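For reference, the chains in residue letters:
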Amino acid sequence: MASLGPAAAGEQASGAEAEPGPAGPPPPPSPSSLGPLLPLQREPLYNWQATKASLKERFAFLFNSELLSDVRFVLGKGRGAAAAGGPQRIPAHRFVLAAGSAVFDAMFNGGMATTSAEIELPDVEPAAFLALLRFLYSDEVQIGPETVMTTLYTAKKYAVPALEAHCVEFLTKHLRADNAFMLLTQIIEYEKKQTLGQNDTGFSCDGTANTFRVMFKEPIEILPNVCYTACATLKGPDSHYGTKGLKKVVHETPAASKTVFFFFSSPGNNNGTSIEDGQIPEIIFYT
């Protein structure tokens with residue numbers, strides 16, 4: 001298998017208590033009140049580092065804070081955004097995200113890394129994204145029955161298997177008669193988000209390197225800077241095991257436009273395959 005490369009909305013980082021000594025500038029505004037898209041602006045807090053004894057405390061203090069941030073994510077632009085008060089902008093720090101997620105690492109440091117200060121994530125719930133960031137910044141897990149499935153989806157999307165495991169553990173321990181219906185509803189919505197297309201078919205393997213083309217019944221729309229998982233479930237004798245896979249594929253058209261795909265192993269779901277060795281030899285696409 002290969003991948004193509006509950007905090008309240010607007011919650012500020014904890015620990016922003018008043019500092020002794022000279023008064024510093026006012027604290028940064030809440031992300032939910034930022035209004036229209038604006039360039040990132042940082043308001044330094046004087047000597048905040050002195051009150052944080054450990055690296056974990058310092059990183060946790062930066063969670064959901066404009067302080068030292070260098071990127072902002074725009075969420076909630078899909079259905080229901082108007083009722084929720086419009087899009088929400090969440091500040092973050094590229095280094096922290098890249099250190100905790102291969103997807104973010106490719107997004108910020110790959111061959112076609114984005115340089116935008118604003119990144120739209122139309123398919124991610126704000127509460128689930130905040131839960132993901134909280135985990136990346138502090139190892140703290142904050143999920144509940146209302147957010148566990150959306151958090152699981154987000155953790156899988158950004159390749160954070162440790163948070164995935166916490167979500168699965170939560171479901172195992174907290175499934176009861178009084179919340180089963182709510183969790184079932186979330187699971188159905190999760191499956192809708194997870195599966196963009198599939199096709200069941202049959203073929204015979206002759207042991208050679210010949211490929212068998214499997215097409216979706218309808219084209220699948222994929223978006224830039226979004227991770228997708230392509231998988232094949234095979235039954236029967238062993239088929240040919242592909243080799244010499246690529247981490248990056250660049251396709252250039254005669255009109256000089258360029259499409260770039262990044263590939264990496266899907267954590268926890270690779271069945272022994274990898275980028276270099278696997279069962280999916282090609283992807284057919286158009287733009």
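Residues numbered from 1 in each chain as written. Predicted model: local features only at pLDDT ≥ 70, side-chain atom pairs only at ≥ 80, totals over all residues. Heavy atoms only, no water.

J.: Would you explain the overall build of the chain in this entry?
T.: Regarding its fold elements, the chain presents 7 helices and 7 strands. Among the 287 residues that make up the chain, the fraction classed as buried is 32%. For the chain, the accessible area works out to roughly 17200 Å², and carbon and sulfur atoms hold 57% of it. (Helix = DSSP H or I, 4+ residues; strand = E, 2+ residues; numbered from the N terminus. Buried < 20%, exposed > 50% of the residue type's maximum accessible area, 1.4 Å probe, protein only. Areas by Shrake-Rupley, 256 points an atom, 1.4 Å probe, with all protein chains shown as cover.)

J.: When you look at the packing of helix H4 (residues 126–138) against helix H5 (residues 148–157) in this model, what are you seeing that I'm missing?
T.: A pair of packed helices is captured by two measures, namely the crossing angle of their axes and the spacing between those axes. Where H4 contacts H5, the axes come no closer than 8 Å and their chain directions differ by 60°. Comparing the axis directions of H4 and H5 gives the class oblique. Where H4 crosses over H5, the handedness of that crossing is right-handed. Contacts from Ala128, Phe129, Ala131 and Leu132 of H4 reach H5 at Thr150, Thr151, Thr154 and Ala155. A breakdown of the residues in the contact of H4 with H5 according to their chemical character gives 5 nonpolar, 3 polar and no charged. (Axes fitted to C-alpha atoms, helices over the stretch in contact; angles between N-to-C directions. Parallel < 35°, antiparallel > 145°, perpendicular 65-115°, else oblique. Left-handed = near helix turned anticlockwise from the far one by under 90°. Contact = heavy atoms within 4.5 Å. Nonpolar A, V, L, I, M, F, W, Y, C, P; charged D, E, K, R; others polar.)

J.: I'm lost on helix H6 (residues 161–174) in this one. Help?
T.: Given 3.6 residues per turn, any residue in an α-helix points the same way as the ones three and four places further on. The end-to-end C-alpha distance of H6, which contains 14 residues, comes to 20 Å, matching closely the 20 Å that a straight helix rising 1.5 Å per residue would cover. Burial in H6 covers these residues: Leu163, Glu164, Cys167, Phe170 and Leu171. Projected down its long axis, H6 shows its buried positions confined to an angular sector of 120°, all on one face. In this structure, H6 carries Thr172 and Lys173 as exposed residues pointing more than 90 degrees from its buried face. (Expected span 1.5 Å × (residues − 1). Arc of directions from axis to C-beta.)

J.: Looking at this structure, I do not really get the packing of aromatic side chains. What am I missing?
T.: Think of a pair of aromatic rings as described by two things: how far the centres are apart, and how the planes are tilted against each other in angle. Scanning the model with the defined rule gives 8 aromatic pairs in all. Plain terms: the ring middles of Phe104 and Phe129 are 6.4 Å apart, the flat faces sit at 70° to each other, and that makes the pair edge-to-face. Residue Phe104 is located in helix H3 (residues 102–109), and its partner Phe129 is located in helix H4; the two are separated by 25 residues in the primary sequence. Its relative accessible area of 0% is what places Phe104 among the buried residues. Judged by relative accessible area, Phe129 falls into the buried class, the value being 0%. Ring geometry for Phe129 versus Tyr158: centroids 6.2 Å apart, planes at 70°, classification edge-to-face. (Phe/Tyr/Trp six-rings, centres within 6.5 Å; stacked < 30°, edge-to-face > 60°.)

J.: Please explain the sheet that holds strand E2 (residues 71–75) as it appears in this structure.
T.: In any sheet, the strands associate via hydrogen bonds between backbone groups, in a parallel or an antiparallel arrangement. Strand order in the open sheet formed by 3 strands is E3-E2-E4, and the pairing between neighbours is mixed. The outermost strands of the open sheet, each flanked by one partner alone, are strand E3 (88–92) and strand E4 (118–121). Put simply, the sheet's adjacent strands are angled 30° from each other on average, direction ignored. In this structure, E2 lies alongside E4, joined through 4 bridges in parallel fashion. (Pairing = 2+ DSSP bridges.)

J.: Explain the environment of Asn109 to me, please; I cannot follow it from the model alone.
T.: Following the sequence through the fold, Asn109 ends up in helix H3. Under the relative-accessibility criterion, Asn109 is labelled exposed at 52%. Within polar-contact distance, the side chain of Asn109 engages the side chain of Asp105 at 2.7 Å. (Polar contact = N/O pair within 3.5 Å; in protein donor to acceptor, adjacent residues only side chain to side chain.)

J.: I would appreciate a short explanation of the pattern of salt bridges in the present structure.
T.: Two side chains bearing opposite charge may form a pair once their charged atoms approach each other closely. Evaluated as defined, the whole model comprises 6 salt bridges. In this structure, Arg72 and Glu66 form a salt bridge, with 3.5 Å as the shortest nitrogen-oxygen distance. You'll find Arg72 and Glu66 in the same group, each marked buried. Counted as one network, the salt bridges with shared partners bring together Glu66, Arg72 and Glu118. (Salt bridge = Lys/Arg side-chain N within 4 Å of Asp/Glu carboxyl O.)

J.: What exactly am I supposed to notice about H3 here?
T.: Among the residues of H3, those classed as buried are Val103, Phe104, Met107 and Phe108. Taken end-on, H3 shows its buried residues confined to a sector of 115°, consistent with a single buried face. Backbone nitrogen of Val103 and a side-chain oxygen of the N-cap are separated by 3.2 Å at the start of H3; the cap is Ser101.

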